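Secondary and tertiary structure notes
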Amino acid sequence: MAKQRDKQGLRPVQDVVGRLRFDATFDVRRFVVGYEERFAGVREAPLADFFAGDNEIPWHRIFFIKAGELIVWDRRSRIDLVFGSGDSPAPDHAAIARACAPAPVAAPTPTPTRRSKARTGPALFVTRPCFRFDPLRGAWLPVATAGLHEARVEALQVATYNVLFDLYEPEQLYSEARAPVCSELLRERDADIIALQEVTPRLWAELLAAPWLRAGYYVSEGPDAEGLQPYGQVLLSRWPLALELHEFSARKRLVVGRLSLAGRRLAVAAVHLTSNRKADADDRRAEQLAVLVERLGRADVDDALVLGDLNFGDGEEDQQLARAGLVDVWREVHPHHPGFTFDPQANPLAALATRTGKAARFDRALLRSPAGALAPIDAALFGDKPFGTGPGGQELFASDHFGVCALLQVVADADAAARRARLAAASPVHRSALVVIPPAQAWPPIEAIRAEHDPSHGRWMPHINLVYGFVPEALFADAAAALTTALRGLLPLRIALKAVRRFDHRGSTTVWLEPVSDPPGALMALQAAAAALFPLCDEQSSRGPGFLPHLTIAKLTGSEAEIAAAIARWQASWRPLEFTVEAVHLISRREDEPFAIRATVPTCPEEQADAEEPGGSLPPFGRWPSPAHERVTEAFARATAAVRAGSQLHVVGSARLGVAQPDGDLDLVWAGEDGLDREALFAAVTERLAAAGELHEVRTVKSAGLPVLKCRFEGIAVDLQYAGLPAPLQARALGSLRPDELATLDEASRRAALGCVDADALVLLVGDYYDSTVFRETLARVRRWARARQLDAGAWGLLGGYTWAIVTAWAMRAAGEAGVAAEPEALLRHFFMLLAARTPGAPIAFAPPPEPRGGRKPPWPIWTPTPPPFNSARHVTRSTLALLHAELRRGHALASAGDPAVVAAVDPAGHPRRVELTLVGVAEAPARCVGWLEGHVMGLLLALEDAGARVRPYPRPLGAGAARWAIGLEGGESPAIEAASAAFAASFAAWAERPEGAELQVRLVE
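A quick note: this is a predicted structure, and the numbers were derived from the prediction, not measured. (Residues numbered from 1 in each chain as written. Predicted model: local features only at pLDDT ≥ 70, side-chain atom pairs only at ≥ 80, totals over all residues. Heavy atoms only, no water.)

1. Some thoughts on empty space enclosed by the protein
Here the structure, examined in full by the defined rule, presents 5 cavities of 30 Å³ or more. Here the largest cavity is characterised by a volume of approximately 140 Å³. Taken together, 15 residues make up the lining of the largest cavity; nearest its centre are Asp 166, Ser 175, Arg 178, Thr 200 and Leu 203. With 5 residues, the single largest contributor to the lining of the largest cavity is helix 3 (residues 175-189). For the lining of the largest cavity, the residue count by class is 7 nonpolar, 2 polar and 6 charged. (1 Å grid on protein atoms, 1.4 Å probe; cavity = no way out; pocket = protein on both sides within 12 Å on 5 of 7 lines; lining within 4 Å. Points joined across faces, edges and corners; volume = space filled by probe spheres on them. Helix = DSSP H or I, 4+ residues; strand = E, 2+ residues; numbered from the N terminus. Nonpolar A, V, L, I, M, F, W, Y, C, P; charged D, E, K, R; others polar.)

2. Observations regarding the confidence of the model for the protein chain
Low pLDDT marks regions whose predicted coordinates should not be analysed in detail. Mean pLDDT over the protein chain stands at 86; residues scoring 70 or higher make up 92%. Note on residues 1-6: pLDDT is under 50 here. Beyond four places in sequence and across chains, it has 3 contacts. For residues 102-120, every residue scores under 50 in pLDDT, and the model assigns this stretch 33 contacts once sequence neighbours within four places are set aside. (pLDDT = per-residue confidence, 0-100. Contact = heavy atoms within 4.5 Å.)

3. Things to note about the sheet that holds strand 24 (residues 432-436)
The strand order across the open sheet built from 4 strands is 25-24-30-31, with neighbouring strands paired in antiparallel fashion. A strand with exactly one partner marks an edge of an open sheet, and here the two such strands are strand 25 (464-467) and strand 31 (596-601). Ignoring strand direction, the axes of neighbouring strands in this sheet form an average angle of 40°. The pairing of strand 30 (residues 584-588) with strand 31 spans 5 bridges and is classified as antiparallel. Bridge assignment links Ser 588 to a residue of strand 31, and that residue is Ala 596. Helix 13 (residues 522-531) contacts strand 24, strand 25 and strand 30 of the sheet and is inclined by roughly 40° relative to strand 25. (Pairing = 2+ DSSP bridges. Axes fitted to C-alpha atoms, helices over the stretch in contact; angles between N-to-C directions.)

4. Focus on the packing of aromatic side chains
Where two aromatic rings form a pair, the distance of their centres and the angle of their planes describe that pair. Counted by the stated rule, this structure contains 22 aromatic pairs. Geometrically, the ring pair formed by Phe 831 and Phe 832 is edge-to-face, given 5.3 Å between the ring centres and 75° between the ring planes. Of the two residues examined, Phe 831 and Phe 832, each falls in the buried class. Joined through ring pairs, the aromatic side chains of Trp 785, Trp 804, Phe 831 and Phe 832 make up one cluster. (Phe/Tyr/Trp six-rings, centres within 6.5 Å; stacked < 30°, edge-to-face > 60°. Buried < 20%, exposed > 50% of the residue type's maximum accessible area, 1.4 Å probe, protein only.)

5. Observations regarding the sheet that holds strand 20 (residues 374-382)
As summarised here, the arrangement of the 8 strands in space is 8-7-12-13-11-10-23-20, forming an open sheet in which the pairing is mixed. Taken across any chain shown, the strands that pair with only one partner, and hence form the sheet edges, are strand 8 (139-143) and strand 20. For strand 11 (residues 193-199) and strand 13 (residues 232-237), the ladder comprises 5 bridges, and the chain directions are antiparallel. Along strand 13, the bridge assignment pairs Ile 193 with Ser 237. Each of strand 10 (155-162), strand 11, strand 20 and strand 23 (403-410) is contacted by helix 3, which is oriented at about 165° to strand 10, the strand it contacts most. Packed on one face of the sheet, helix 4 (residues 201-208) meets strand 8, strand 11, strand 12 (218-219) and strand 13 and runs near 145° to strand 11.

6. Here we look at the packing of helix 3 against helix 4
In the contact formed by helix 3 and helix 4, the axes pass within 10 Å of each other and the chain directions differ by 45°. Between helix 3 and helix 4, the angle is such that the two are oblique. In the packing of helix 3 onto helix 4, the handedness of the crossing is right-handed. Listed contacts from helix 4 to Glu 176, Ala 179, Ser 183 and Leu 186 of helix 3 are Arg 202, Leu 203, Glu 206 and Leu 207. Classifying every residue of the contact of helix 3 with helix 4 by side-chain character gives 4 nonpolar, 1 polar and 3 charged. (Parallel < 35°, antiparallel > 145°, perpendicular 65-115°, else oblique. Left-handed = near helix turned anticlockwise from the far one by under 90°.)

7. Some thoughts on the domain arrangement of the protein chain
The domains assigned to the protein chain are domain 1 (13-100), domain 2 (126-412), domain 3 (432-602), domain 4 (627-763), domain 5 (769-903) and domain 6 (908-1005). For domain 2 and domain 4, the distance between their C-alpha centres works out to 39 Å. Across the boundary between the two partners, domain 2 contributes 8 residues, which contact 10 residues of domain 4. Buried area between domain 2 and domain 4, summed over both chains or domains, comes out near 620 Å², and the portion from carbon and sulfur atoms is 45%. Taken together, domain 2 and domain 4 are joined by 2 residue pairs in polar contact (both at pLDDT 80 or more). Here the side of domain 2 that touches domain 4 is composed, by residue class, of 4 nonpolar, 2 polar and 2 charged. (Domains from an automatic or database assignment. Buried area = accessible area lost by both parts, 1.4 Å probe. Polar contact = N/O pair within 3.5 Å; in protein donor to acceptor, adjacent residues only side chain to side chain.)

8. Brief notes about the pairing of strand 33 (residues 666-673)
Most of strand 33 sits inside the fold, with 6 of its 8 residues counted as buried. Note that strand 32 (residues 648-652) and strand 33 share 5 bridges and pair antiparallel. Looking across to strand 33, one finds that Val 651 is bridged to Leu 668. As paired strands, strand 33 and strand 36 (residues 716-725) are joined by 8 bridges and run parallel to one another. Within strand 36, the residue paired with Gly 672 across the bridge is Gly 724.

9. A closer look at unusual backbone geometry
Looking along the chain, the bond that leaves Leu 491 and enters Pro 492 is cis, with omega of 0°. Mapped onto the secondary structure, Pro 492 falls in the loop between helix 12 (476-486) and strand 26 (493-505). A cis amide bond links Asp 518 to the next residue, Pro 519, at an omega of 5°. Assignment of secondary structure puts Pro 519 in the loop between strand 27 (508-518) and helix 13. Phi is positive for Tyr 174, close to 35°, though the residue is something other than glycine. Among the secondary structure elements, Tyr 174 is positioned in the loop between strand 10 and helix 3.

If you want it as C-alpha cells, here you go:
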C-alpha cells in the first residue's frame, strides 16, 4: 500500500510554465502571470509576453499564474492545478479548460450607448467577388474563387494609404493633380497587397484604367464602384482573394480578404475606423474593433493582417489591439521613431483637416501570426514628400495622410517549425513509447513465453522500442505529424525474429528476440530518423553502444545454469518469425491501464503500396493515339486517386474524339469534391508523379483564364484541369451532366467539365445520321488537312482542334439531311463544298445562336453545343477569317477533282514579306517561353492588322527543333509594322517571370 503523503513540495514555476507552453492541451495565450515589480508591487502580464523577447523578470519574482479568474499556480497558497503538487490534491486540467473556454482572441466589448447595440452573435459578413482585368474583353470581370488561393512567396510586401476623398472643400484639395501622383506612388510601391481608404468612384475609375493595376492585380471592387458610395476601402492583391464585406453603416465598411500563405490561412482586413470628428468616436471605434477582432478570431483564420486608418494614435486604444494579439509592425522595426502618418506641421493638407494641430500615427499595419509564419522585416512611409508647389508657393502632397509600406518575411512551414521546437524541448516520460508492434498473427509463440516469464506482460504488448521514454501523450499529435514526414521512404521493411539473446543485469537476466531487418540496417535507419526528432528522449541511444533493437520475452532470476538452460530450450524450439513493418505506433499508459496505441504513422499503412486500379478510360468512340498515352493516363489516374480518394480522371480533347496524333499531347480533367484549392491539388499530384516517372516542364498556367497544370511526363505533354463537383454529382460521369447541373459549378469547373460534355454531345448530334466510327474517320481527315495547312491553332487567330470538330459535326448533320453516303471521303468533299459556298463568317450553331454582346459581331462565331453556348472561334480576326475561307475554297476545288494536293503542307516561304519571331536563350525553360508567346501573339496579330497589314500566321516552328515562327504579311506600312514588332519584343522583355537570358527577337523580313 502506498504511503500517504503528509505534505509534498510545490513544483517550481518554471516547470509549470514549461508544461503550459509545450503541452498541446493548453494555449499559452490564455494565461496571465502575477509578478513583483520593484517599487510598484504585484503586476499582471500575459504569459506569452515572457517568450516574446528579452525577459528580465527572474522566476522567483513570479507569484501566481491565472487562467481567467482561476488560480492555476500560486507560490504562497501552494496551489498547483497543473501537476497536483503542493497542497493541491491532484491535477485539475478540466477546471483549467473551463477557465480557458472563451475564444482565444477576446473581442473588446463596447459599453452600450445610445447608438451602440449589444451584439448577440457573430457579425454578418457578405461574400463578394474579386475582379481581374480581362485584356481580351477589355473589361474588369468578377473572378470565381473555389477555396483559398495559395500564394507562394518568400517575402510579402503590404501597403496602406488613405488617399483623401474630396467631398468637402474640393477647391483646396487639387484632386485632379493628386490622382495621377497617387497612382504613381502605388505603382512604385509594387506591393503584393494594398489597402486604400477614402477611395471615391472618380478616383477608382482612374486607378482601374492604370496599366500597372490592370496587368498585376485583383481588386475588391468592380468598375461600378458600388461599395465606394460616396467613398470607401478597397484591397488590391496579386492573388485572388476570398472576399467578405461587413457594413457598419451606409458609409462605414470593413473589407476582409483571405488567401493561403505558407500553408496557413491569412486574413487581410482593410479598415477605416471612425474619426474623432464624431462625438461618440470612442464608442464607435470600440464597436468596429469588436467586429474586426471577432472576425479575425474565427476558426477559418490562422494569421491576420490589419491595414488601414485607425484614426487613433499611439497609446490611445492600443490595449484593445494587444488583447487581440495584433502586433504593430512599425513599432516592431522602429521602436524609437514616431512614424507620424498625419502631420499638420509637415503636410498642408493635414493642416486643413486637423482640429488639434497634433501629429499622430493613424495609419497602421498590424500583424497576428501565432506560429511565426510572418515576421516583420522593415516598414517605411511613402507619399511623405511633396510632389510640387502650388500657385502660392505651398507644397503639394498626394494626400493628407502618408502611406505605410511593410515588408514581412514569410516563414515556410511555420507550423512544422513550431512543432519541431515543441518536440525538441519535450522532456521524456516513461508512460509513453514509440514502438514497432508485430502483426497479431505473429503473437502466439511470443506470448506463450511472455505470459509465464515476463513480469511486464500485463502492461505491454509485444513490441520493439524505438524511443523510450518518450514525449507525453499530450504531444502525440505533434509527434505523429513530424514522424509522418521524417519516416517517408523508410517503410515498409521486413523483420525476421530468429535468434534468442540475453542482457545480464545484477541479479536478473532479460531474454529477448533479435530483430534482423531486410534490407540490412533498415530498422536502425528507421530508429535514427525517429529519434532525431526527440533529442531529449535519448535514453536508449545514449546507453553503452547505442540503440540495440530487441523484443523482450522474459526476465529471469536464478542460477546461471537454470537461465542458460531456459534460453537454450527456447532457442531450440523457436521457429523464425518474419513479418512486414508498415507503420510505427505511439503508445501510452493511462493511470493503471496497460499501454495502448494512441496514434499510428502512417495513418493508413496501405498507402505505402500503390494498389489503385488505373482510371481515365476512354468512351467507346475514343482511341488512344499510342500505348504511351495510355500508360501516362494510368499513371495520372493513380496519382490523382492517391491525392483525393474517390476522385475520377477523364480523358478529353482529341483522344476522347479518337483523332489524336501519336506525337500529340494529352488533355485530362480531374473531377472531385468542390471547394478545394487547385494549386494545392496540382502540387500534391505533381509530387506523386515525380516519384512515379520522368516529370519535366511543370507549371501552372491560366489558359483562357482557367488554371491548368502543364507538364511533360514520360515524354508526353499533358494538360490537367480540375473540376470541383458538389457531393450529389461526384459519382456521375462528367459527360452525363445536364446544363442545369453544369450551371451550379464555378466557372473553372464548368469549363473543365465541358471538355467531356461537349465532346460527347458532338458524337450524339452526328449520331442522328452517322455512327461514331464514320464521324471519327471524317474528323481525322479534316484535322489532317487543317494540320497540313497550319490552320489548327486557336491561339494564332485560327481554329483549334475542338472547333474544327464542331464545324465537322455541323457539316455532317447537314450532309445527313442531304442524304450523303456514310463514306468519309464523300463526307469530306461535302464538308468543303458546304463551307466554301457559305458567306464568310456566317455563324455555325446547333441551335438559334445568341445575340452578339454589346452589338459587336465576332468575325466567325462558332458556337459550342451545350447551353449556354460559347463562341469557340473568338480569336478569329479579319485577316484569318479571309485566310480560312480561301483555304476552304482551295480544299473544295482540289477535293472535288480528287487531287491529293488537298493535304499538301503549306510553305511559309510563300510569304517573302513576313515578320519572324525567334526565341533566344530559352534552353532552360522552352515550354514557358513558348507558352508566353502563344498566350500573347494575338496582340501582335491585331497590332499588325492595325498597321494596315493582312496577316497569315504560321503556328508551326520554322524547322524541326527551331524556336522561330513566321507571320506572313500583305500590305501595311513598314514603319508601323516595325513599331508593332518592337513593342511586342519589349513586352516579352518586361515579362516578370521571363527566364534569365531569354530574349524574343521580332523582325520584319522583306
